[in-house]
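Structural features, examined
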Amino acid sequence: MGPEATPFETPYTPYPGSSTPSAHVGPEEGKHELWSFFWLALLNTLIISVAGIVTWWYVHAH
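Below, the structure is looked at part by part. (Residues numbered from 1 in each chain as written. Predicted model: local features only at pLDDT ≥ 70, side-chain atom pairs only at ≥ 80, totals over all residues. Heavy atoms only, no water.)

Quick look at the overall build of the chain
Check the secondary structure of the chain and you find 1 helix and 0 strands. Looking at the chain as a whole, 3% of its 62 residues are labelled buried. Total accessible area on the chain stands at roughly 5700 Å², and carbon and sulfur atoms take up 71% of it. (Helix = DSSP H or I, 4+ residues; strand = E, 2+ residues; numbered from the N terminus. Buried < 20%, exposed > 50% of the residue type's maximum accessible area, 1.4 Å probe, protein only. Areas by Shrake-Rupley, 256 points an atom, 1.4 Å probe, with all protein chains shown as cover.)

Have a look at this one:
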């Protein structure tokens, strides 16, 4: 059993109904969640940017 086997202890108190992970999230699951959040944030930025560019083009081209 190496350091990968020990669970990550989150410093935050989980509140009812929150998405705070439990205290027993392993490093692999934590990394997966961080990468998922990264790609979701990048996708949201892309969607907002494209919507802004299309809106600007529509307003100024017509």
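What follows picks up the thread again.
Some points on a nonpolar patch on the surface
On the surface, Leu40, Leu43, Leu46, Ile47, Val50 and Val54 cluster together to form a nonpolar patch covering roughly 540 Å² of accessible area. Within the element layout of this structure, Leu43 appears in helix 1 (residues 27–61). (Patch = residues over 30% accessible without salt bridge, like charges linked within 9 Å, V, L, I, M, F, W, Y side chains within 5 Å. Salt bridge = Lys/Arg side-chain N within 4 Å of Asp/Glu carboxyl O.)

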